[in-house]
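Structural overview
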Amino acid sequence: MLVTGASAGIGAALARFYAANGWDVILTARRRAPLEALAAELAATGVSTTVVTADLSDPLAPPRLVDEIAARGLRIDGLVNNAGFSRTSGFLQTDPADHAAMIRVMLAAPVELARLYAPMMVERGFGRILNVASLAGEMPATGGDTLYGPIKSFLIKASQGLHLELRGTGVHVTALCPGYTLTEFHDVNGTREQVSAAYPAWMWQTAEQVARVGYRACELNRPKATPGAANVLLAALGKHLPDALALAMVGGHARRLRRI
Ligand SMILES: NC(=O)c1ccc[n+]([C@@H]2O[C@H](COP(=O)([O-])OP(=O)(O)OC[C@H]3O[C@@H](n4cnc5c(N)ncnc54)[C@H](OP(=O)(O)O)[C@@H]3O)[C@@H](O)[C@H]2O)c1
């Protein structure tokens, strides 16, 4: 199982779930030290672990990663596309290089890795592709973190399409749509204080809760999974409210966070 973004949060939790279920794991992200610490922890449970660092904002990273894994003689039966981050300071204030990196890490790299590995999985009649999207991909557009939701919407739709295309091949494809999750995500985007003040404890899940739902959904070959009843309700509201009302309710979310 190749897990991207395995150095923290949901990726590390998913790697733990797959290892606990007997999968050998290949862990990738930019930071070597947390990957090696996780690899040592998982190796102690008896599975084989490999660490390969990669910066997925580099357009050459996905094919290089695939080559490096092949050069080590490792076979990929499963892929968790999880690496991700957001920028919330506004479209005009965000460095264009950060926009490009968001698109590469959360949209282009998952598509490219799935395209490179899915044919081999289909040929063997077995595979798992779990794409970590977000509840944000199901909600109305928000101003401030303007590209994040659309990128995740893309990943949900692309996962569902691939799920349909690969049905019956033995290759399961699932989009996982977590809501607010306690990871490093909001430290990295600098909104920890604001989101903690804005959203009550019941809206937050742990990475383990999210990973459990994702792991099970992919084993059951569900096209999409949303962890937590509150998030399921929010996703349904997001889908059924008229656009104007939905935008009025959540559209200023990131701007509001900046004012807290
Ligand atoms: N936390 C939430 O509330 C939440 C909600 C919905 C969806 N999600 C999604 O869940 C996924 C995991 O996020 P998380 O919450 O676990 O956040 P996290 O704790 O910050 O972990 C993000 C992971 O992505 C990796 N990553 C970031 N940029 C990368 C790059 N350029 N190249 C390679 N790896 C990179 C990080 O590793 P390095 O820094 O070591 O590279 C880290 O392992 C993301 O796709 C996120 O959009 C999170």
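Residues numbered from 1 in each chain as written. Predicted model: local features only at pLDDT ≥ 70, side-chain atom pairs only at ≥ 80, totals over all residues. Heavy atoms only, no water.

**What about the site of the ligand?**
In plain terms, the rule: Near is defined per residue: the residue qualifies when any heavy atom it owns lies within 4 Å of the molecule or strand. Per-residue accessibility takes into account occlusion by the displayed protein chains alone, with areas from the Shrake-Rupley method and a 1.4 Å probe. Each residue is assigned to one class: nonpolar for Ala, Val, Leu, Ile, Met, Phe, Trp, Tyr, Cys and Pro, charged for Asp, Glu, Lys and Arg, and polar for all the others, Gly among them.
By nearness alone, 31 residues border the ligand, and Ser 7, Arg 30, Asn 82, Tyr 148 and Thr 183 come closest of all. For the ligand, the protein covers 96% of the area, taking 890 Å² as the surface of the free molecule. Taken together, the residues of the shell around the ligand break down into 15 nonpolar, 11 polar and five charged.

**Details of helix H1 (residues 9–20)**
Given 3.6 residues per turn, any residue in an α-helix points the same way as the ones three and four places further on. Rules: Each helix is a run of DSSP H or I of at least 4 residues and each strand a run of E of at least 2, with the numbering of both proceeding from the N terminus. One less than the number of residues in a helix, times 1.5 Å, gives the span that helix is expected to have.
The terminal C-alpha atoms of H1, which comprises 12 residues, lie 17 Å apart, in line with the 16 Å expected from a rise of 1.5 Å per residue. With its phi angle positive at about 90°, Gly 22 sits one or two positions after the end of H1.

**Some thoughts on the packing of helix H4 (residues 96–124) against helix H5 (residues 148–166)**
Going by this rule: With axes taken as lines fitted to C-alpha atoms, and helix axes fitted only over the stretch in contact, angles between N-to-C directions fall between 0 and 180 degrees. Angles are sorted into four bins: roughly parallel if under 35 degrees, roughly antiparallel if over 145, roughly perpendicular if 65 to 115, and oblique for all others. Only heavy atoms matter for contacts: two residues are in contact if any of them lie within 4.5 Å across the pair.
Where H4 meets H5, the closest approach of the two axes is 9 Å, and the angle between their N-to-C directions is 10°. With respect to H5, the element H4 is oriented roughly parallel. Across the interface between the two elements, Met 102, Ile 103, Met 106, Leu 107, Pro 110, Val 111, Ala 114, Ala 118 and Val 122 of H4 pack against Tyr 148, Ile 151, Lys 152, Phe 154, Leu 155, Leu 162 and Leu 166 of H5. The residue makeup of the contact of H4 with H5, split by class, is 15 nonpolar, no polar and one charged.

**Quick look at the layout of surface pockets**
To keep things clear, this is the line we draw: As defined here, a cavity is a set of points on a 1 Å grid over the protein atoms alone where a 1.4 Å probe fits but cannot get out. A pocket is an open set with protein on both sides within 12 Å along at least five of seven lines, and residues line them when an atom is within 4 Å of a point. Grid points are joined across faces, edges and corners, and a volume is the space filled by probe spheres set on the points.
Quantified by volume, the second largest pocket comes out at close to 260 Å³. Together, 17 residues line the second largest pocket, and Val 111, Ala 114, Arg 115, Ala 158 and Leu 162 are the ones closest to its centre. Those elements that provide at least two residues to the lining of the second largest pocket are H4 and H5. For the lining of the second largest pocket, the residue count by class is 12 nonpolar, three polar and two charged.

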